[in-house]
Amino acid sequence: DADGRFADVNPGYCRMVGYCREEVMSKCIADFEAVATMPQIQAQICRILESGHDRFETRHRHCEGHWIDLEITVTAVGQHHLVAFLRDISQRKAADLALRELSRAAEAANQAKSDFLANMSHELRTPMNGVIGLTDLLLETPLDADQREYLQLLQQSASSLLDIVNDMLDFSKIQAQKFGLETTEFSPAAVISGLVTEMSEQAARKGLALNFYIEPDTPPQVCGDAGRFRQILLNLCDNGIKFTNKGGVSVRARFTAADRGAHELHVSVNDTGIGIPLDKQQDIFQAFNQADNSITRQFGGTGLGLAIAAKLVSLMGGRIWVTSEPGEGSTFYFTVRVTSPLAGKCPAQSLVIAQTE
Ligand code: ADP
């Protein structure tokens, strides 16, 4: 009733709280309620008598002292009485709690793994740089042909290992959300031409052409993270060269206005290589995913490069995607947001860097 006394109670409630009917009838609702105080209960009864209905969760005390989690639906009957239906939700609550605890533990484990990976990769880099540096020095000393060949192989293996370690470090930093971008003023044309020049030898060794074209309206200077922009492009060009045996790789860049004064750099990297089947074209942007394990084993790689590129692109407010025809080649596209510090135009630049058989 309006004072919280029982007018009637069914055997289900008596079993729930562990008292017999007479004991329950001699008490009032506040004797069972474990969360709300008497004034709060009275205020709630008044509200329900006015509104006619309420549904809420609370706890009642069992005669042995433990709590029962309840979902209660209350309806007003006339001016002075309420009828309440109580559902024991203790199991659901316990399951929710266990689930929350499990997910917290999983997050902590994931965080620990990312921290471990980040620390390990960092620690691995120092001795690797030592190995590479000393190999370079050794290569400058008098050596016979065999020694020189072995050392060159050692140098190649060490730098591949360093690339893998660097990928792991980047990936774990991104996973651990410890990854920041640096905004500086840079020339997209200079970054692209510099990178293409650097990679020309790699392309020439496979007899591939490597060239680039920058649309004339691309501004000479933009503001953004030049290092990360270069890293994305490097990864795409490296893959292009890696997965192409005949023909070549070409990079194109253009600039478009985006919303709110920002601009977008659009870059594409086209190759005439092995191509990627349609059903793999999404998966390759996931970590540790390679389109074809048997083919990739032949070409090497960790399957992290595109996952890192995709994360970087999204941090830089852009998108990355691919179109490809197996046997014909692939074109990777990406956009990044930059701001333009200077108004101006640079001349169309295009260059064929390497094409030797
Ligand atoms: P990795 O090259 O180290 O294996 P990536 O994340 O860079 O890792 O690439 C993932 C996979 O996508 C590659 O293993 C390959 O199967 C496929 N792939 C990427 N770029 C190309 C490309 N230009 N041509 C054909 N396949 C490619």
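That block above? That's the structure.
Values in this document were obtained by computation on a predicted structure and should not be read as measured data.

Is there a simple way to think about the layout of surface pockets in this case?
Take a probe with the size of a water molecule and roll it over the atoms, and the empty space left behind shows itself. A volume near 760 Å³ is recorded for the second largest pocket. If you go around the second largest pocket, you meet 28 residues; those closest to its centre are Phe6, Leu82, Val83, Ala84 and Leu86. Elements represented by at least two residues in the lining of the second largest pocket include exactly α1 (11–17), α4 (38–51), β1 (53–61), β2 (67–77) and β3 (81–88). Sort the elements by how many residues they give to the lining of the second largest pocket and β3 lands first, with six residues. Its residues assigned to classes, the lining of the second largest pocket shows 17 nonpolar, seven polar and four charged.

Looking at this model, I keep getting lost on the pattern of salt bridges. Mind explaining?
Between side chains of opposite charge, a pair can form as their charged atoms come close. In this structure the tally under the stated criterion is 14 salt bridges. The residue Asp1 makes a salt bridge to Arg5 at a minimum N-O spacing of 3.3 Å. Here Arg5 falls in the partly exposed class, since its relative accessible area comes to 48%. The residue Arg87 makes a salt bridge to Glu71 at a minimum N-O spacing of 3.1 Å.

Hey, could you run me through the side chain of His266 in this one?
When you line up the elements, His266 lands in strand β8 (residues 263–271). A polar contact of 3.4 Å, which involves the side chain of His266, links it to the side chain of Glu264. Residue contacts for His266: discarding those within four places in its chain leaves Arg252, Ala253, Arg254, Thr256, Phe334 and Thr335.

In this structure, what is going on with the nonpolar core? I would like to understand it.
As a rule of thumb, nonpolar side chains are buried together in soluble globular proteins. In terms of nonpolar packing, the biggest core is built from 48 residues, with Ile192, Phe229, Ile232, Leu233, Val251 and Phe334 touching the most fellow members. Every residue in contact with Leu233, bar those within four places of it in the chain, is listed here: Ile192, Leu195, Val251, Val267, Val269 and Phe334.

Help me understand the environment of Ile41, please; the structure alone is not making it clear to me.
Structurally, the position occupied by Ile41 is in helix α4. Sequence spacing of Ile41 and Asp3 is 38 residues, and the spatial spacing of their C-alpha atoms is 9.3 Å. Those residues within four positions of Ile41 in sequence are excluded, and the remaining contacts are Ile29, Ala30, Glu33 and Ala36.

Which parts of the structure should I look at to understand the state of the cysteines?
Chemically, a disulfide is nothing more than a covalent bond linking the sulfur atoms of two cysteines. In this structure the tally under the stated criterion is zero disulfides. The structure places no disulfide on Cys28, whose sulfur is separated from the nearest cysteine sulfur, that of Cys46, by 15 Å.

Procedures and definitions
- Residues numbered from 1 in each chain as written.
- Predicted model: local features only at pLDDT ≥ 70, side-chain atom pairs only at ≥ 80, totals over all residues.
- Heavy atoms only, no water.
- 1 Å grid on protein atoms, 1.4 Å probe; cavity = no way out; pocket = protein on both sides within 12 Å on 5 of 7 lines; lining within 4 Å.
- Points joined across faces, edges and corners; volume = space filled by probe spheres on them.
- Helix = DSSP H or I, 4+ residues; strand = E, 2+ residues; numbered from the N terminus.
- Nonpolar A, V, L, I, M, F, W, Y, C, P; charged D, E, K, R; others polar.
- Salt bridge = Lys/Arg side-chain N within 4 Å of Asp/Glu carboxyl O.
- Buried < 20%, exposed > 50% of the residue type's maximum accessible area, 1.4 Å probe, protein only.
- Polar contact = N/O pair within 3.5 Å; in protein donor to acceptor, adjacent residues only side chain to side chain.
- Contact = heavy atoms within 4.5 Å.
- Core = buried A, V, L, I, M, F, W, Y, C linked by side-chain atoms within 4.5 Å.
- Disulfide = S-S within 2.5 Å.

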